[in-house]
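# Observations on chain architecture
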Amino acid sequence: MDTLISVDVASAPEKQDVLHNRWHPDIPMVSWVKPGDQFRVECVDWTGGQIKDDNNAIDIKIVDLSKVHYLSGPIGVEGAEPGDLLVVDILDVGVLAASQWGFTGIFAKENGGGFLTEHYPDARKACWGFSGIYANSRHIPGVEFAGIMHPGLIGCLPSKELLATWNKREKALFDTDPERVPPLCALPSSPTAHMGRMKADAAKSAAAEGARTVPPREHGGNCDIKNLSRGSSVYFPVYVKGGGLSMGDIHFSQGDGEITFCGAIEMAGYLDIRVNIIKEGMAKYGIKNPIFKPSPLEPRYSSYLIFEGISVDEAGKQHYLDVHVAYRQACLNAIEYMKKFGYTGAQAYAILGTAPVEGRISGIVDIPNACATLALPTEIFNFDLRPSAFGPKPSVPSGIDLAVVT
Ligand code: ZN
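Residues numbered from 1 in each chain as written. Predicted model: local features only at pLDDT ≥ 70, side-chain atom pairs only at ≥ 80, totals over all residues. Heavy atoms only, no water.

### Notes on the overall build of the chain
Helices and strands together make up the secondary structure of the chain, namely 6 helices and 21 strands. Here the chain has a C-alpha radius of gyration of 21 Å; the compact-globule value for 406 residues is 22 Å, and the two agree. Counting only C-alpha atoms and orienting by the principal axes, one finds that the chain spans roughly 65 × 50 × 40 Å. When contacts within the chain are restricted to residue pairs at least 6 apart in sequence, those whose partners lie at least 24 apart make up 80%. Working note: accessible area of the chain is about 17100 Å², and carbon and sulfur atoms make up 54% of it. (Helix = DSSP H or I, 4+ residues; strand = E, 2+ residues; numbered from the N terminus. Rg over C-alpha atoms; globule rule 2.2 N^0.38 Å. Contact = heavy atoms within 4.5 Å. Areas by Shrake-Rupley, 256 points an atom, 1.4 Å probe, with all protein chains shown as cover.)

Following this line, the structure appears as structure tokens:
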């Protein structure tokens, strides 16, 4: 496999012109390929090396989220035109030889937060080692699981019109509660924008309107779907000539929802990609957002414990068919259960963000309660996590926990 884009994990990401951290139609392609080509794309981790493999969560606490995500690309595909579908086969995903570890962060509430930030407002970090296909952490004993490696973020450049639409609707949301912590959304921010190979003057004005990479949007982007794993095929809408495919935020593994926000096992890595085009595929198939075929290869777990949650919040307040509230209850229920076996809340939270847990919207019509479920594979634990008449047996050594700020 020829390497089309290589990165240097030891040098500053803003000095590497094959990377960019905003979406803008004028970011120049770093390379052109033809339909049918296959090639390797290396990626730095999503923070561009801000997080270290150590036992202090200070880097998580002060991480500069205005810099993320550092993406490799954009890659132009000859013949791709607006309205086409870009077919991206994710042939393989792997770890870079120069960076064989990963991390999970619980972000501080005042710096990004996470799905359960009201319950876990402080910065915490877990570092992970890789044993072939398996992940294990010195901060979370008793658990090891097969990775489901995937790019958290991949998509094509937006057109000028689409970018304007994003900026308009997100600003309108932001303005409904501009003081909120964490903020309702991430608006354009030029000081730390990295516009790839754009020339200085053009880059400056483009940076002021370049969309942040935080949310998933019509083009895909930061979808954080664990099943976009090696062996899957994705069909992306094309909005600019050549498509402009960019990718990054590689995860060794992730649970549905990536609930701690920096919730997956984040790593630098590579993606082996093959591209093709379906001419005028957006109209032919009625595509607005990407669709994909999952991989024939996935971790095979058959034994699960499934936690239910309904749309009644922690204070007992009734919400109407709110799956956000319901999934939060399912997660909190799973954490309370895991604590009975000796895990700290932070450890259990990190396991739900990283292990291949399955999240589902199970019921969405039975007024007033939505029902969400979270399926935890029990085979990832080196002890029996199932309920029995004997009660839970403490199985996790005490005194070990996620790294705190020191
Ligand atoms: Zn990520």
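### With respect to helix H5 (residues 323–339)
Relative to the 24 Å expected for 17 residues at 1.5 Å per residue, H5 spans 24 Å between its end C-alpha atoms, a close match to the ideal helical length. Regarding H5, the residues found buried are Val-325, Ala-326, Tyr-327, Arg-328, Gln-329, Ala-330, Cys-331, Leu-332, Ala-334, Ile-335 and Met-338. In this structure, the buried side of H5 is in contact with strand E19 (304–310), helix H6 (345–354), strand E20 (358–363) and strand E21 (371–377). Two or three places before His-324, at the opening of H5, Asp-322 has a side-chain oxygen 2.9 Å from that residue's backbone nitrogen. (Expected span 1.5 Å × (residues − 1). Buried < 20%, exposed > 50% of the residue type's maximum accessible area, 1.4 Å probe, protein only. Polar contact = N/O pair within 3.5 Å; in protein donor to acceptor, adjacent residues only side chain to side chain.)

### Here we look at a nonpolar patch on the surface
Together, Ile-58, Ile-62 and Val-405 line one region of the surface with nonpolar side chains, adding up to about 240 Å² of accessible area. When you line up the elements, Val-405 lands in the segment after E21. Assessed through its relative accessible area of 34%, Val-405 is described here as partly exposed. (Patch = residues over 30% accessible without salt bridge, like charges linked within 9 Å, V, L, I, M, F, W, Y side chains within 5 Å. Salt bridge = Lys/Arg side-chain N within 4 Å of Asp/Glu carboxyl O.)

### Brief notes about the environment of Gly-345
Of note, Gly-345 is situated in helix H6. The contact partners of Gly-345, leaving out residues within four places of it in the chain, are Tyr-120, Ile-335 and Lys-339.

### Details of the layout of surface pockets
Approximately 380 Å³ is the volume attributed to the second largest pocket. No other element matches the 3 residues that strand E10 (residues 140–146) contributes to the lining of the second largest pocket. When grouped by side-chain class, the residues that make up the lining of the second largest pocket number 12 nonpolar, 4 polar and 5 charged. (1 Å grid on protein atoms, 1.4 Å probe; cavity = no way out; pocket = protein on both sides within 12 Å on 5 of 7 lines; lining within 4 Å. Points joined across faces, edges and corners; volume = space filled by probe spheres on them. Nonpolar A, V, L, I, M, F, W, Y, C, P; charged D, E, K, R; others polar.)

### Re the nonpolar core
Ile-351, Leu-352, Leu-374, Leu-376 and Phe-381 are the most contacted members of the largest nonpolar core, which totals 80 residues. Looking at which domains feed residues into this core, each of domain 1 (3–293) and domain 2 (304–380) supplies at least three. Once residues lying within four places of it in the same chain are set aside, the contact partners of Ile-351 are Ile-140, Val-143, Met-338, Tyr-343, Leu-376, Ile-380 and Phe-381. (Core = buried A, V, L, I, M, F, W, Y, C linked by side-chain atoms within 4.5 Å. Domains from an automatic or database assignment.)

### Quick notes on the pairing of strand E7 (residues 101–106)
Burial analysis of E7 places 6 of its 6 residues in the buried class, the great majority of the element. Residues Trp-101, Phe-103 and Gly-105 line one face of E7 and the alternating positions Gly-102, Thr-104 and Ile-106 line the opposite face, and both faces are buried. Pairing of E7 with strand E8 (residues 124–131) involves 6 bridges; the strand directions are antiparallel. Note that in E8 the partner of Phe-103 across the bridge is Cys-127. As judged from the 3 bridges shared by E7 and strand E16 (residues 261–266), these two strands associate in the antiparallel manner. The partner of Ile-106 across the bridge, within E16, is Phe-261. (Pairing = 2+ DSSP bridges.)

### A few points about the sheet that holds strand E6 (residues 85–95)
Spatial strand order, E1-E4-E17-E6-E14-E18: 6 strands in an open sheet with mixed pairing. On the outer flanks of this sheet lie strand E1 (3–5) and strand E18 (291–293), each paired with one strand and no other. Averaged over all pairs of adjacent strands, the angle between their axes in this sheet comes to 35°, without regard to strand direction. In this sheet, strand E14 (residues 233–237) lies alongside E6 in antiparallel orientation, the contact comprising 5 bridges. Its bridge partner being in E14, Val-87 is matched across the sheet by Tyr-235. (Axes fitted to C-alpha atoms, helices over the stretch in contact; angles between N-to-C directions.)

### Let's talk about the domain arrangement of the chain
Split into domains, the chain comes out as domain 1 (3–293) and domain 2 (304–380). Each of domain 1 and domain 2 was reduced to a C-alpha centroid, and the two centroids are 26 Å apart. Facing the 28 residues of domain 1 at the interface are 23 residues of domain 2. Both faces considered, domain 1 and domain 2 share a buried interface measuring about 2200 Å² in area, 66% of it formed by carbon and sulfur atoms. When residues of domain 1 are sorted by the area they lose upon contact with domain 2, Phe-115, Tyr-120 and Asp-256 head the list and together hold 27% of the total. If you look at where domain 1 meets domain 2, you find 1 salt bridge. Lys-226 serves as the salt-bridge partner of Glu-358, at 3.3 Å between the closest nitrogen and oxygen. Sorting elements by how many residues they give to the side of domain 1 that touches domain 2 places E10 first, with 7 residues. Considering only residue class, the side of domain 1 that touches domain 2 consists of 13 nonpolar, 11 polar and 4 charged. (Buried area = accessible area lost by both parts, 1.4 Å probe.)

### Focus on the packing of H5 against H6
Closest axis-to-axis distance for the H5/H6 pair is 9 Å, and the angle between their directions is 125°. With respect to H6, the axis of H5 lies oblique. In this structure, H5 meets H6 at a crossing whose hand is right-handed. Packed against H5, whose contacting residues are Cys-331, Ala-334, Ile-335, Met-338 and Lys-339, the element H6 presents Gly-345, Ala-348, Tyr-349, Ile-351 and Leu-352 at the interface. Across the contact of H5 with H6, the residue classes break down as 8 nonpolar, 1 polar and 1 charged. (Parallel < 35°, antiparallel > 145°, perpendicular 65-115°, else oblique. Left-handed = near helix turned anticlockwise from the far one by under 90°.)

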